[in-house]
Amino acid sequence: MNFTGLAKLVPESALLLDAESRRVYECDGLTAHRVMPGCVVLPETIEQVQSVCRYCYEHGIPVIARGAGTGLSGGAMPHARGVLLSLAKFNKIVSVDEIGKSAVVQPGVRNLAISEAVAHLGLYYAPDPSSQIACTIGGNVAENSGGVHCLKYGLTVNNVLSVKIVTIQGELLTIGGQALDTPGYDLLALINGSEGMLGIVVEVTVKLLVKPKVSRVILAAFDDLTKAGDSVAGIISAGIIPAGLEMMDQAGVRAVEDFVHAGYPINAAAILLCEVDGAEEEMQEELQEVAALLQQFGATEVRVARDLVESQLFWAGRKAAFPAVGRISPDYYCMDGTIPRKHLAEVLSGINELSKKHNLAVANVFHAGDGNLHPLILYDVTKEGELKRAEAFGSEILQLCLSMGGTITGEHGVGIEKINEMCIQFSQAELIQFHNLKKAFDDKQLLNPGKAIPTLNRCAEFGAMHVHQGKDAFPDLERF
């Protein structure tokens, strides 16, 4: 590919062509898969993004947008003959509307930075993925990220009012607005979770919420996974919507406690973290109700955090689960399936059986309230065949989720990691409509090609569908 024309569109320092500089961008959080990008561009203005897109559209060059690179599904993995477009320099909070409770931010702004910037106003941004100290809003929109408080306050899609995107043709579009609803198709929901395949996010208007007056976390220990899983369904069935409802099995608890020293009971088969927030009287009433329910479902210990400091410590342990597991295994593979809450115990038992089948240990941490599982499969990439076994184990977990009426992702996206399992979840007709939708935005298939939506030919090779049309249905989809 000829990238020399890009030098006329951005400052010299914003175009990285040497191998040493490009290697920094060869993968995202899915480090098992790496590709050296053809070149890296770090634009500073929307106009530069538009110019780069126009150039790439004219010359048929793939474009992959990248935020902080904390994604776990390979969604930001580069293209060897394409442009890796980093939005790292778009890192400003443009404006804050205290009365309207919203903020306009650039895509490179860190998730946590928004809440920090408006804390003095008594406001905050609700979605809080575990990587919030590093992940960026543009990436959150691309993956429709969640977090430990998504049960009550929603995913990114529920907390974004509008986005500005640049299309591959270089057009700047504003989608959404301050109104609660607008005529026509809900394109804003479409952009959230589109994994950089429809447009490049260059500005986001997010909702801000008033901080709850008080909040408190309950820690419950269980001697049996089934009891812990049933208690989750029991809390929701009682009409209680906690701010957060998280669960960890014993392997996860022990890894976290050794790392964070959060006071978790390491001999428990599973622990549950439940946060209740609101006005003081309301919170106290719900605390008592939740504590009673947990004991009713067989909790061996129920501990209410003494104060905000201990509540934050309980959460610090959960949010440090991934690095904690990284201390006990050379490598781990983080999955992201979602199931109906009533099947939590059944699926956890199934995962343990799969662990024995593949001879690989697994630690389970998950957003129990909305059934979003994050099994962490432990392996060693230096041992021949272990990565392949880990990926096969992960695929079977996702297929187990589907068999229970679930889905293959809750917040991490599909990327390249789960593209084969898309062939199982969706029919041929559905996949054709997905491709038609992409072509409406990106007729040359240049934005993040090969991600998220499998070609029919790929599905035929995966053996999940009977495909008669093959490549002839979309002759241009295999181009890259």
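All of the points below concern the structure found in this document. As the structure is a prediction and not an experimental result, all values here were calculated from the model. (Residues numbered from 1 in each chain as written. Predicted model: local features only at pLDDT ≥ 70, side-chain atom pairs only at ≥ 80, totals over all residues. Heavy atoms only, no water.)

Counting its regular elements, the protein chain contains 16 helices and 19 strands. Its C-alpha radius of gyration of 23 Å places the protein chain within 12% of the 23 Å reference for a compact globule of 480 residues. Considering the protein chain as a whole, with its 480 residues, one finds that 56% of them fall into the buried category. In the protein chain, of all internal contacts separated by at least 6 residues, the share reaching a separation of at least 24 is 71%. (Helix = DSSP H or I, 4+ residues; strand = E, 2+ residues; numbered from the N terminus. Rg over C-alpha atoms; globule rule 2.2 N^0.38 Å. Buried < 20%, exposed > 50% of the residue type's maximum accessible area, 1.4 Å probe, protein only. Contact = heavy atoms within 4.5 Å.)

Our focus in this paragraph is the nonpolar core. Membership of the largest hydrophobic core comes to 60 residues, with the highest contact counts inside it found for M247, L272, L294 and I377. Ranked by the residues each element gives to this core, the list is headed by helix α13 (residues 386-403), at seven residues. Once residues within four sequence positions are removed from consideration, M247 is found in contact with L225, A228, G229, V232, A270, I271, L272, L348, N364, V365, F366 and A368. (Core = buried A, V, L, I, M, F, W, Y, C linked by side-chain atoms within 4.5 Å.)

Here the focus is helix α8 (residues 250-260). For α8, the full list of buried residues reads G252, V253, A255, V256 and E257. Against β13 (244-249), β14 (270-278), α10 (308-319), α11 (321-326) and β18 (362-367) lie the buried residues of α8.

Below, the discussion takes up the side chain of H367. Looking at the secondary structure, you find H367 in strand β18. According to the relative accessible area criterion, H367 is buried, its value standing at 2%. The contacts of H367, once residues within four sequence positions are left out, are G147, V148, L245, E246, R318, N372, H374 and E411.

So, about the environment of P449. With respect to the helices, strands and loops of the structure, P449 is situated in the loop between α15 (428-441) and α16 (456-462). Exposure remark for P449: the relative accessible area of 13% places this residue in the buried category. A C-alpha to C-alpha distance of 9.7 Å links P449 and P78, two positions 371 residues apart in sequence.

To continue, consider the state of the cysteines. Here the structure, examined in full by the defined rule, presents one disulfide. Shown here is the disulfide that connects C423 with C459, its sulfur atoms set 2.1 Å apart. Because the sign of the S-S torsion sets the handedness, a value of about -85° for the bond joining C423 and C459 places this disulfide among the left-handed ones. A residue pair is termed long-range when its members are at least 10 positions apart, and C423 in helix α14 (residues 419-425) and C459 in helix α16 qualify at 36 residues. C459 matches C423 in its accessibility class, with the two residues each being buried. No disulfide involves C39; its nearest neighbouring cysteine sulfur is the one of C56, lying 7.2 Å away. C39 gets classed as buried once you look at its relative accessible area, which sits at 0%. Counting only cysteine sulfurs, C56 is the nearest neighbor of C53, a cysteine outside any disulfide, at a range of 6.7 Å. (Disulfide = S-S within 2.5 Å.)

Attention now moves to the pattern of salt bridges. In the structure shown here, the tally under the stated rule is 16 salt bridges. We note a salt bridge from D258 to R327, for which the minimum N-O separation is 3.4 Å. Of this pair, D258 sits in helix α8 while R327 sits in the loop between α11 and β16 (331-334), and the two are 69 residues apart along the sequence. The residue R306 makes a salt bridge to E310 at a minimum N-O spacing of 3.6 Å. A relative accessible area of 67% means that R306 is categorised as exposed. Salt bridges sharing partners connect three or more residues here, namely R23, E26 and R34. (Salt bridge = Lys/Arg side-chain N within 4 Å of Asp/Glu carboxyl O.)

Further remarks concern the sheet that holds strand β10 (residues 200-207). Spatially, five strands are ordered β5-β6-β10-β8-β9 in an open sheet, and the strand pairing comes out antiparallel. The strands lining the two open edges of the sheet, one partner per strand, are β5 (93-97) and β9 (172-176). If you compare each strand with its neighbour and ignore which way they point, the axes differ by 15° on average. Bridge count between strand β8 (residues 160-166) and β10: six bridges; the pairing is antiparallel. Bridging from a neighbouring strand, I165 pairs with V201 of β10. Against the sheet, helix α3 (residues 111-118) makes contact with β5, β6 (102-105) and β10, and its axis sits at roughly 45° relative to β5, the strand it touches most. (Pairing = 2+ DSSP bridges. Axes fitted to C-alpha atoms, helices over the stretch in contact; angles between N-to-C directions.)

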